[in-house]
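Single-letter residue listing:
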Amino acid sequence: MSFGGGPPRPGRPLRPAEAPLPSLITRDDAVRAAHATDASGLCLTPDAVARPRSEAEVVELLRDASGERTPVTAAGGQTSTTAASITDRGLLLSLRALDGVVDLDVTRRTVRVRAGTLLGDVKRAAAEAGLLLAPDPTSEEECTVGGAVACNASGARTLAYGAMRAHVRALRVALAGGDVIEWRRPGLEKNTAGFALAADPVDWFVGSEGTLGVVVEAELALLPRPARVVGLAVPFAGEAAALEFVVAAREAPALRPRCLEFFDGPSAALFLEAGGQSPHGIGGLVYAETTSEDDDAEPPLDAWLALAESYGALESELRAYQDEGALRAARRMRHAVPATLNERGSACRAAGGRKVSTDWAVPYRRLADAIAVARTAAARAGVEQAYIYGHAGNGHPHQNFVARDAAELARIEAVVEETLRHVIGAGGTVSAEHGIGKLKRRWLPLQLSPLQLGVMRAVKRELDPLGILAPGNVL
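A. Examining the pattern of salt bridges more closely. The full count for this structure, using the stated rule, is 33 salt bridges. In this structure, the salt-bridge partner of Glu57 is Arg53, at a minimum N-O distance of 2.8 Å. Notably, a salt bridge pairs Arg228 with Glu298, separated by 2.4 Å at the nearest N-O pair. Taken together, the residues span a long stretch of sequence, with Arg228 in strand β13 (residues 228-236) and Glu298 in the loop between β15 (284-292) and α10 (301-310) at a distance of 70 residues. On the accessibility criterion, Glu298 (55% relative accessible area) is exposed. One salt-bridge network, in which partners are shared between bridges, spans Lys123, Asp136, Glu140, Arg157, Arg258, Glu289 and Arg331.

B. Focus on the pairing of strand β11 (residues 214-221). The element β11 is extensively covered by neighbouring structure, given that eight of its eight residues are classed as buried. Examined bridge by bridge, strand β9 (residues 168-174) and β11 share six bridges and lie antiparallel to one another. Each residue of the ladder has a partner; that of Ala170, found in β11, is Glu219.

C. Structural context of the sheet that holds β15. Taken in spatial order, the seven strands line up as β16-β13-β15-β14-β18-β19-β17 in an open sheet, and their pairing is antiparallel. Of all strands in the sheet, those with a lone pairing partner are β16 (319-321) and β17 (354-358), marking the two edges. Going from strand to strand, the sheet's axes swing by 15 degrees on average, the running direction of each strand aside. Strand direction decides the pairing type here: strand β14 (residues 257-264) and β15, joined by seven bridges, are antiparallel. In the sheet register, Asp264 faces β15, and the bridge partner there is Gly284. Here helix α13 (residues 406-425) sits on the sheet and contacts β17 and β19 (396-403); the angle it forms with β19, its principal contact strand, is near 160 degrees.

D. Spatial organisation of the environment of Asp64. Note that Asp64 resides in helix α2 (residues 55-68). Overall, Asp64 belongs to the partly exposed group, its relative accessible area being 46%. Each C-alpha atom of the pair Asp64 and Gly178 lies 8.6 Å from the other, and the pair is 114 residues apart in sequence.

The rules behind these values
Residues numbered from 1 in each chain as written. Predicted model: local features only at pLDDT ≥ 70, side-chain atom pairs only at ≥ 80, totals over all residues. Heavy atoms only, no water. Salt bridge = Lys/Arg side-chain N within 4 Å of Asp/Glu carboxyl O. Helix = DSSP H or I, 4+ residues; strand = E, 2+ residues; numbered from the N terminus. Buried < 20%, exposed > 50% of the residue type's maximum accessible area, 1.4 Å probe, protein only. Pairing = 2+ DSSP bridges. Axes fitted to C-alpha atoms, helices over the stretch in contact; angles between N-to-C directions. Contact = heavy atoms within 4.5 Å.

In structure tokens:
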């Protein structure tokens, strides 16, 4: 039943050992309330909560749910910004207790972990072995591996390393009826057997948001750790120059950026204030990281500084982060931006408001134009301008509004839809890394045709014929 030592043929059901199980389901009001919210700003209280500690318990719960046709929504750290990890229908299946690193193979550079393991814990285990787990969502100290797989999480370093999908080598998945199937990527350079969508079932589940099966274990690829990493906070008087600098830095081969993060003026203020720095005179900021793979090689700092100077960076305010402690501090500063806005949004729930978080993306050269359209739409609707920050190197910002009440929420959602229509016209996406969940479901048809949605529904019917998994997510 393990991934190592000659895995079973992909697709063969694996029956766990039968064992009498204690009651796993609670309807305690306090427990249900504790699992009713995530980072979306919504509150959906489940009918019941289950907290399995093993794969066998997950299987038992799914078999019972299938027999009773009870909806089941899997959840990990509940950091979803799209309400994918909460429900008011049926059972909330919390996988946080299904945690732990099962195996770390330094030679093969892989790590096998249970679904409830925090991503930050996996990264530290890899680092102790001199290796790197590349995906780095900002919430890595709160999100789980299962959740990161379910929404195809990424983060700042996606620019260099790609999203979670690129690092998933194998999965163990409990299907709706309770069968556990182990899938491994084929590893072939050539393959013409069947439709492409059936060639690698691992990809069915990465990004499926719990709608097709429950990930219970994952094998992830690891990379060698860079010899040196340097972070740079490059401030500008305005955001236009900052966005132009992002394009130039991405296209300069000598710079080797592994992330290019943009912060507009208000977001830059939150970033800098979290590090005890003054945002005075800063209208835009770019945070970048550059690496060297050789102990004897220096990161190309002179080239970075020369490019920053050519785009009018405020050189006296430029900061470098050159050791592990400083890099961690910079990461905390980055996390302070969404964390602060989450707090402000939470304070508005009683009035029907919340934080509205978008994560659309366009080809990176079109990002400045898309931001301008978004700002114009907000101004025309009389909506307070959003905080815009995030993964500009991938053409992917986070546009975060705080709706103070239900009326403002409705206006903001209309602004978001207008923005997304432009984004799709520019060759973009309604969701770059947070998934669709429940909140963005209305906008998915802007991007996908009825035929594409029909194929998705057909896959859903095949894997979850009773439709009990993650009701309301995606479809």
